[in-house]
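Residue-level structural notes
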Amino acid sequence: MSRVYNFCSGPAALPEAVLKKAQAEMLDWHGAGVSVMEMSHRSTEFMSILASAKARLMRLLDISDDYEVLFVQGGASTLFAQIPANLTNGFDSACYLDTGAWSTKAIKEAKKYTKVNVVASSKEQNYTTVPAFADLELDESAAYLHVCPNETIGGLEFADLPETNLPIIADLSSTILSRKIDVSKYGMIYAGAQKNVGPAGVVICIIRKDLLARCSDSLPTVWNFANLAANDSMINTPPTFAIYLADLVFEWLEEQGGVEAIEAVNIAKAKVLYDFIDASDFYANPIDPAYRSRMNVPFTLADASLESLFLEESEAAGLRTLAGHRSVGGMRASIYNAMPMAGIEALIQFMREFENRHAQ
Ligand code: PLP
């Protein structure tokens with residue numbers, strides 16, 4: 001068996017060391033005689049895994065006690081509805097910044113619960129840039145401001161946040177733990193696990209405790225953030241295996257030197273790939289250089305008729321899942337924390353050879 005370089009946007013590559021550890025523990029976790037998948041979520045063994053995952057995440061992101069860490073089910077898409085359902089109680093509206101496909105989906109769901117005020121949009125620029133924060137039409141009486149700082153499909157990322165007194169709620173699904181962030185600037189952070197955290201099935205939520213007072217008793221029991229917090233994310237059976245894998249990924253990240261260390265690697269990885277694309281007339285990336293994603297690198301070929309050949313040959317060369325999202329086409333290399341520099345180098349080598357063979 002040989003592993004390939006997997007550029008899938010999610011579920012994405014996991015660190016090999018994590019998979020090996022999970023494999024070694026699969027039949028008998030730490031002498032329990034069963035795997036994590038087979039043990040009660042109320043057992044002391046699983047409770048220790050949950051506590052470890054939470055503690056490691058708090059250390060990695062330097063999360064203060066003002067915040068609750070929750071492990072939520074249903075994917076980040078469920079949170080698109082769950083957030084307005086929980087956090088607009090007592091408010092007339094919520095503000096949303098529209099920077100791409102995932103912002104758009106979040107807005108669509110929020111409209112089912114509240115009046116949505118889209119404070120700015122880069123739709124007219126085909127989402128190749130981020131609206132100037134100075135021009136945002138923020139309503140400071142709204143429930144919150146929602147942003148998606150890394151648009152996985154478009155390959156657009158921004159690090160700064162708008163100036164506002166509103167709690168900022170951020171979908172960090174495809175950038176969490178890839179760069180240093182100041183958690184205290186957010187009201188809530190959420191992230192589907194299947195990119196930088198672990199397998200699909202769990203969403204990491206970091207929510208400022210004061211916001212929990214907004215959650216109404218009329219919400220479905222398992223949707224209520226305050227209930228989840230009060231029950232340590234275990235109102236019902238949580239996605240135990242996904243949480244266990246997340247703990248192993250957090251452990252791996254600590255061994256790499258933490259978020260700051262992996263961020264340096266991510267900067268270097270993204271730089272060599274964008275530099276190569278920019279130096280070529282055969283490949284192009286459409287995003288404003290100030291907002292290029294370090295995690296998701298879309299690119300087009302000068303001759304679009306070569307796309308399927310590119311995909312076929314790259315797959316055969318051990319470079320998996322380079323197709324862009326079905327809604328935008330082209331190519332996309334997702335290069336999350338688990339992608340080593342060697343994977344980027346192999347991709348560039350393939351791209352160079354492909355260009356040499358096909359450039360006019
Ligand atoms: N938000 C972002 C930024 C994403 O990239 C994705 C999925 O790729 C989602 C939300 C939706 O996640 P899920 O499929 O877990 O609902």
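The rules behind these values
Once a new chain begins, its residue numbering starts again from 1 and follows that chain's sequence as written. Reporting in this predicted model follows two pLDDT cut-offs: at least 70 for local features of residues, and 80 or more for side-chain atom pairs to be given and counted; totals over whole chains, interfaces and linings ignore these cut-offs and use all residues. Should DSSP find at least two bridges between two strands, the strands are taken to pair. Numbering goes from the N terminus for both helices and strands, where a helix is a DSSP run of H or I of at least four residues and a strand is a run of E of at least two. Each axis is a line fitted through C-alpha atoms, and for a helix only the stretch in contact is used; angles between axes span 0 to 180 degrees, taken between their N-to-C directions. To sort residues by exposure, count the other C-beta atoms lying within 10 Å of each residue's C-beta; 20 or more gives buried, 12 or fewer gives exposed, and values between give partly exposed, all with C-beta atoms placed from the backbone. UniProt positions are given in the numbering used here, feature names are shortened, and annotations may be inferred rather than shown by experiment. C-beta atoms are placed from the backbone for every residue, and two residues are taken to be in contact when these atoms lie within 7 Å. Residue proximity rests on one test: whether the C-beta atom, placed from the backbone, lies within 6 Å of the molecule or strand. Polarity classes work like this: nonpolar for Ala, Val, Leu, Ile, Met, Phe, Trp, Tyr, Cys and Pro, charged for Asp, Glu, Lys and Arg, and polar for all others, with Gly in that last group. What fixes the domain bounds is an automatic or database domain assignment. Each nonpolar core reported here comprises buried Ala, Val, Leu, Ile, Met, Phe, Trp, Tyr and Cys residues connected via C-beta atoms within 7 Å.

**Let's talk about the sheet that holds strand E8 (residues 168-171)**
Within a sheet, neighbouring strands are paired by backbone hydrogen bonds and run either parallel or antiparallel to one another. Spatial strand order, E2-E10-E9-E8-E5-E3-E4: seven strands in an open sheet with mixed pairing. Whereas interior strands pair on both sides, the edge strands pair on one side only; in this sheet they are strand E2 (67-72) and strand E4 (115-121). Going across the sheet, the axis of each strand differs from the next one's by a mean of 20°, ignoring polarity.

**A few points about the pairing of strand E10 (residues 203-208)**
Taken across its six residues, E10 has five buried, putting it largely inside the fold. Where E2 lies against E10, six bridges are found, and the strand directions are antiparallel. From the neighbouring strand, tyrosine 67 faces E10, where its bridge partner is arginine 208. Across five bridges, the pairing between strand E9 (residues 188-192) and E10 is antiparallel. Considered in E10, the bridge of alanine 191 is made with isoleucine 204.

**Re the UniProt feature "binding site: pyridoxal 5'-phosphate" (unreviewed entry) in the protein chain**
When the UniProt feature table is mapped to this numbering, "binding site: pyridoxal 5'-phosphate" (unreviewed entry) covers Ala76, Ser77, Trp102, Thr152, Asp171, Gln194, Asn236 and Thr237. Considering the C-alpha atoms alone, the annotated residues occupy 162 residues of sequence and remain spread out, their largest mutual distance being 30.5 Å. Those residues in contact with glutamine 194, other than ones at most four positions away along the chain, are Gly10, Pro11, Ala12, Pro199 and Ala200. As for its placement among the helices and strands, asparagine 236 is situated in the loop between helix H5 (225-230) and helix H6 (240-255).

**Some thoughts on the site of the ligand**
By nearness alone, every residue bordering the ligand is listed as Gly10, Gly75, Ala76, Ser77, Trp102, Cys148, Thr152, Asp171, Ser173, Ser174 and Gly192. It is helix H3 (residues 75-87) that provides the largest number of residues to the shell around the ligand, a total of three residues. Each residue belonging to the shell around the ligand can be placed in one class, and the counts come to three nonpolar, seven polar and one charged.

**Comments concerning the domain arrangement of the protein chain**
Under the domain assignment, the protein chain is made up of domain 1 (17-255) and domain 2 (257-358). The C-alpha centroid of domain 2 is placed 27 Å from the C-alpha centroid of domain 1. Taken residue by residue, the interface counts 23 residues in domain 1 and 23 residues in domain 2. Elements that contribute at least two residues to the side of domain 1 that touches domain 2 include exactly strand E7 (156-157) and H6. For the side of domain 1 that touches domain 2, the residue count by class is nine nonpolar, nine polar and five charged.

**Some words on the nonpolar core**
One recurring pattern in soluble globular proteins is that nonpolar side chains are buried together. One finds Val203, Ile204 and Ala246 to be the most contacted residues of the largest nonpolar core, which totals 96 residues. Of all the elements, H6 adds the most residues to this core, at nine residues. Not counting chain neighbours up to four residues away, the residues in contact with valine 203 comprise Val72, Gly75, Ala76, Leu79, Tyr190, Ala191, Gly192 and Ala193. If you look at the next biggest cluster of nonpolar residues, it comprises six residues, including Tyr127, Val130, Leu156 and Ile287.

**A short note on unusual backbone geometry**
In most cases, non-glycine residues show a negative phi, while peptide bonds are predominantly trans. The omega torsion across glycine 10 and proline 11 is -5°, close enough to zero to call that bond cis. Along the chain, proline 11 turns up in the loop between strand E1 (5-6) and helix H1 (16-24). Residues other than glycine seldom take positive phi values, yet histidine 30 does so here, at roughly 50°. Note that histidine 30 resides in the loop between H1 and helix H2 (44-60). Residue serine 233 is not a glycine yet carries a positive backbone phi of 65°. Take serine 233: it is sitting in the loop between H5 and H6.

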